[in-house]
Amino acid sequence: MARKVSLNIDDRLYTRLEKNAHKNGESVQDFLIRAVCDALDMWDDFYDCDEALNKKEKAPKISFFANS
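As the structure is a computational prediction, the values presented were derived from the model and not from experiment.

J.: Requested: an account of the overall build of the chain, with residues and values cited.
T.: Helix and strand counts for the chain come out as 2 helices and 0 strands. Per-residue burial over the chain gives 7% buried out of 68 residues.

Okay, structure coming up:
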């Protein structure tokens, strides 16, 4: 089932969204959908990487040295 979300966007931001959407040959709606999907994919990639590090028995050893 598709859900609808209403967004209140000021004129200046809408103009910028429209300009970027047209550069990619998209409508503003398609641009926003793609942008949200891309952001969710990036979040999933980050979260999966972070979770994988937490599941490892040994975390990678990192050392920092400073000369005094």
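Resuming the write-up.
J.: Now, about a nonpolar patch on the surface: what can you tell me, with residues and values included?
T.: Together, Trp43, Phe46 and Tyr47 give the surface a local cluster of nonpolar side chains, amounting to about 380 Å² of exposed area. Topologically, Phe46 is positioned in helix H2 (residues 28-55).

J.: Can you break down the side chain of Glu26 residue by residue, with the values?
T.: With respect to the helices and strands, the residue Glu26 is situated in the loop between helix H1 (11-23) and H2. A relative accessible area of 16% means that Glu26 is categorised as buried. A distance of 2.8 Å separates a polar atom in the side chain of Glu26 from a polar atom in the side chain of Arg34. With residues near it in sequence (within four places) discarded, Glu26 still touches Ala21, Phe31 and Arg34.

J.: Any chance you could break down the pattern of salt bridges for me, citing the residues and the numbers?
T.: Scanning the model with the defined rule gives 2 salt bridges in all. Note that Glu26 and Arg34 form a salt bridge whose closest N and O atoms lie 2.8 Å from each other. You can call Arg34 partly exposed: its relative accessible area is 31%. Asp38 is the partner of Arg34 in a salt bridge, and the nearest nitrogen-oxygen pair spans 3.4 Å. In this pair, Arg34 and Asp38 both sit in helix H2, 4 residues apart, roughly one turn of the helix. Given the relative accessible area of 34%, Asp38 is considered partly exposed. Here the salt bridges share partners, and the residues they tie into one network are Glu26, Arg34 and Asp38.

So, how was this worked out
Residues numbered from 1 in each chain as written. Predicted model: local features only at pLDDT ≥ 70, side-chain atom pairs only at ≥ 80, totals over all residues. Heavy atoms only, no water. Helix = DSSP H or I, 4+ residues; strand = E, 2+ residues; numbered from the N terminus. Buried < 20%, exposed > 50% of the residue type's maximum accessible area, 1.4 Å probe, protein only. Patch = residues over 30% accessible without salt bridge, like charges linked within 9 Å, V, L, I, M, F, W, Y side chains within 5 Å. Areas by Shrake-Rupley, 256 points an atom, 1.4 Å probe, with all protein chains shown as cover. Salt bridge = Lys/Arg side-chain N within 4 Å of Asp/Glu carboxyl O. Polar contact = N/O pair within 3.5 Å; in protein donor to acceptor, adjacent residues only side chain to side chain. Contact = heavy atoms within 4.5 Å.

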